[in-house]
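The lines below spell out each chain.
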Amino acid sequence: MLELAKLPYARHVALCLLRHVKDEDRVFFKSFEGGFAKLATHATGAKVAEAALKSVSKKDAASLRAELFGTEFALFAKETGAGSSLKDVLAANATRKGRVLDGVERALARLCDKALVHLHLSHDLLFEYVEACEPGDAYRLRAMAGRAADGAAHVVSTRRGALAIAGLATYADAKTRKKLLKGFKGKVCAALCHAHAYLAVLRLCDVVDDPVAAPKLLLGDLAGGGGGAPPLLEVCLHPNGSKLLLWLLCGTENTKHFDPVELELLSKKADELAVPVPGTEKVVTASKKPDATRRAELRAAVLPHLSKLVETYGAALLGGRAGGAVLVETLLATKSDKTAARVARAALGSAFDATLTEAADPALKPKHFGGDDDDDDDDAAPFAADDDDDGAMDDEMVDDDDDDDDDDVEKAFADDDDDDDDESVDAEDVAVALDDDDGGDDDVDASGKPLVLEHDVAHRTLITLLQREAAAAGGPFAGAFAGLVAGHLGQWCDSNRGALVLEALLRSPGTENAKAELRGHKAQLKKLAKATPGCAALLKAL
């Protein structure tokens, strides 16, 4: 088997045997044992080595992978019964950590030089190496980043690969970081909307000091439009793609936007990480600029484009869980009267007709980062963590952190929780619906049934926006919205969702006219208060 695997045509026989023959007597394992390290770094045999890891038992696969750390350490792990991961080998050979890492570096160097980094075994090995080197051996990571930069776009197709590239980017020098960025040119949208690749792009944008490179990459791919909706809209509406934009807009202060893996990744401040210079006593920092400065520069470049997007596609963003979070943070960041007025009109427009809503499927995997198409079994790395659960959190669109929230409001949301209905307004349909919108108030009919209340996500986004704006001592949206619905507030009082929107509206300063109009509907509210918690909350606010 070992010889067949290294021959260009005979390797297909080996692959067929590994895929279709059940190895009950460990024949495959015994045939690869002792020669797996050379096979895994062989230009022709690496594919067979990848298939072998999936065909043998997990214990045997771990034993084979241990050969990539060096022959002596693989034998040691086998004889002592110690674990066969790099972490276990290092724990058992603490005094020889340098020799172990040298062996792994040699294996990774061969994989990079022979363009084999697209294989999942490469991703796993690189991830373990990065994990073992942080933070004491940062100079090793800087050197490895230079080697892996050319194939970075292939490595990020798995969770472990993406985290490995993110770790290398943290310690890479300025030249290597630019090279890593260029590897995503033309593929930024696909990367940000990928299940794993977005982590690498997020970290790259976090650590790059160059004030031109990162904005040029993002805006060059996302802001351009060929007559339709720009790719930036797709990124905003995607649960993973929106993470980069939310980080730019509000940092990691609002932790509900990020899962623990993302928070841990962004918690490492590159300007505080020391990187020793080999052969000298000199120590440099991974980045020169403070994290806040780098983020502010990138935010300043992206914010005008986000503001324009919110003005044009406000309804689409209001109707998406991820898009709604981006819309809220954008409005709070810009405080633009024009943008607020456009979003208020979008919230009352006809784009929320039920015919324009459909279930979104953001988890589709872009082909750009799908791994090797020749092998159908390459969709899961043999030693990767459980990728079915990324740890991603569904962001609640209700601001539960506001100290002014009372028990009535909390009860109202508890009774009106439709988490199973994950609807999102289709961007292209909304674009068509807004084609004739000239920005005037004549496009809004506030006297009819508020269609936004029929949308399970949009009405929550509206409430969150009003709550967050009130918590920030007011803003332009509440005034614009109150002006449009003035004289028609009775249409909002007869439903739980509408009453909750109005209760959030009354928290903002400058809404005395709305409060005065609502007092005329007190009798209506009292009738509904017992059965409708939202109306009880609104009545209490009055």
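The notes below deal with the structure included here. None of the values given here were measured: they were computed from a predicted structure.

### Considerations on helix H2 (residues 11-20)
Okay, so step 1: The complete set of buried residues in H2 reads Ala14, Leu15 and Leu18. The buried residues of H2 occupy one face: seen down the axis, they fall within an arc of 100 degrees.
Okay, so step 2: Buried residues in H2 make contact with helix H1 (2-5), helix H3 (27-32) and helix H5 (46-55).

### A look at the nonpolar core
Okay, so step 1: If you look at the biggest cluster of nonpolar residues, it comprises 152 residues, and the most contacted ones within it are Phe32, Ile165, Leu168, Trp247, Phe477, Phe481 and Trp492.
Okay, so step 2: Residue contributions to this core peak at nine residues, all from helix H16 (residues 197-207).
Okay, so step 3: Here Phe32 is in contact with Met1, Leu2, Leu18, Leu39, Val48, Ala52, Leu64 and Glu67, once residues within four sequence places are set aside.

### A look at the packing of aromatic side chains
Okay, so step 1: With the rule as written, the count across this model stands at two aromatic pairs.
Okay, so step 2: Pairing Phe477 with Phe481 gives two aromatic rings, centres 5.8 Å apart and planes at 20 degrees, and the pair type is stacked. In this pair, Phe477 and Phe481 both sit in helix H28 (residues 476-485), four residues apart, roughly one turn of the helix. Summarising the burial analysis for this pair, Phe477 and Phe481 share the class buried.
Okay, so step 3: Centre to centre, the rings of Phe481 and Trp492 are 5.5 Å apart; their planes meet at 85 degrees, and the pair counts as edge-to-face. Taken as a pair, Phe481 in helix H28 and Trp492 in helix H29 (residues 490-493) lie far apart in primary sequence, 11 residues in all. Taken individually, Phe481 and Trp492 each receive the classification buried, so the pair is uniform in this respect.
Okay, so step 4: Taken together, the aromatic side chains of Phe477, Phe481 and Trp492 make up a single cluster linked through ring pairs.

### A few points about the packing of helix H27 (residues 458-471) against helix H30 (residues 496-505)
Okay, so step 1: Following both chains from N to C, one finds H27 and H30 inclined at 15 degrees, their axes separated by 8 Å at the closest point. Regarding the angle of H27 to H30, the classification is roughly parallel. Two packed elements cross with a definite hand, and for H27 against H30 that hand is left-handed. Seen from H27, the contacting residues are His459, Leu462, Ile463, Leu466 and Gln467; seen from H30, they are Arg497, Leu500, Val501, Ala504 and Leu505.

### Comments concerning a nonpolar patch on the surface
Okay, so step 1: On the surface, a nonpolar cluster with roughly 270 Å² of combined accessible area is contributed by Leu4, Val13, Leu17 and Val21.
Okay, so step 2: For Leu17, a relative accessible area of 31% corresponds to the partly exposed category.

### Quick notes on the state of the cysteines
Okay, so step 1: Throughout the structure, instances matching the rule amount to zero disulfides.
Okay, so step 2: Cysteine Cys193 remains unbridged, with the sulfur of Cys189 as its closest cysteine sulfur at 4.4 Å.

### Description of the environment of Ala229
Okay, so step 1: Locating Ala229 in the fold gives a position in the loop between helix H17 (213-222) and helix H18 (231-237).
Okay, so step 2: When its relative accessible area of 24% is taken as the criterion, Ala229 is described as partly exposed.
Okay, so step 3: Along the chain, Ala229 and Thr312 lie 83 residues apart, while their C-alpha atoms are 9.4 Å from each other.

### A word on the environment of Lys289
Okay, so step 1: Structurally, Lys289 can be placed in the loop between strand E2 (283-285) and helix H21 (291-312).
Okay, so step 2: Considered as a pair, Lys289 and Asp271 are 18 residues apart in the sequence and their alpha carbons are 6.2 Å apart.
Okay, so step 3: Residues contacting Lys289, with those up to four places away along its chain left out, are Asp209, Pro211, Asp271, Arg294 and Glu297.
Okay, so step 4: A distance of 3.0 Å separates a polar atom in the side chain of Lys289 from the backbone oxygen of Asp209.
Okay, so step 5: Within the structure, Lys289 has its side chain in polar contact with the side chain of Glu297 (distance 3.1 Å).

### Some points on the packing of H16 against helix H20 (residues 260-267)
Okay, so step 1: Two elements in contact, H16 and H20, have axes separated by 10 Å at closest approach and are oriented at 25 degrees. Relative to H20, the element H16 is oriented roughly parallel. Taken as a pair, H16 and H20 cross one another with a handedness that is right-handed. Across from Tyr198, Leu199, Leu202, Arg203 and Asp206 in H16, the residues of H20 making contact are Glu262, Leu265 and Leu266.
Okay, so step 2: Residues of the contact of H16 with H20, tallied by class, amount to five nonpolar, no polar and three charged.

Cut-offs used in this document
Residues numbered from 1 in each chain as written. Predicted model: local features only at pLDDT ≥ 70, side-chain atom pairs only at ≥ 80, totals over all residues. Heavy atoms only, no water. Buried < 20%, exposed > 50% of the residue type's maximum accessible area, 1.4 Å probe, protein only. Helix = DSSP H or I, 4+ residues; strand = E, 2+ residues; numbered from the N terminus. Arc of directions from axis to C-beta. Contact = heavy atoms within 4.5 Å. Core = buried A, V, L, I, M, F, W, Y, C linked by side-chain atoms within 4.5 Å. Phe/Tyr/Trp six-rings, centres within 6.5 Å; stacked < 30°, edge-to-face > 60°. Axes fitted to C-alpha atoms, helices over the stretch in contact; angles between N-to-C directions. Parallel < 35°, antiparallel > 145°, perpendicular 65-115°, else oblique. Left-handed = near helix turned anticlockwise from the far one by under 90°. Patch = residues over 30% accessible without salt bridge, like charges linked within 9 Å, V, L, I, M, F, W, Y side chains within 5 Å. Areas by Shrake-Rupley, 256 points an atom, 1.4 Å probe, with all protein chains shown as cover. Salt bridge = Lys/Arg side-chain N within 4 Å of Asp/Glu carboxyl O. Disulfide = S-S within 2.5 Å. Polar contact = N/O pair within 3.5 Å; in protein donor to acceptor, adjacent residues only side chain to side chain. Nonpolar A, V, L, I, M, F, W, Y, C, P; charged D, E, K, R; others polar.

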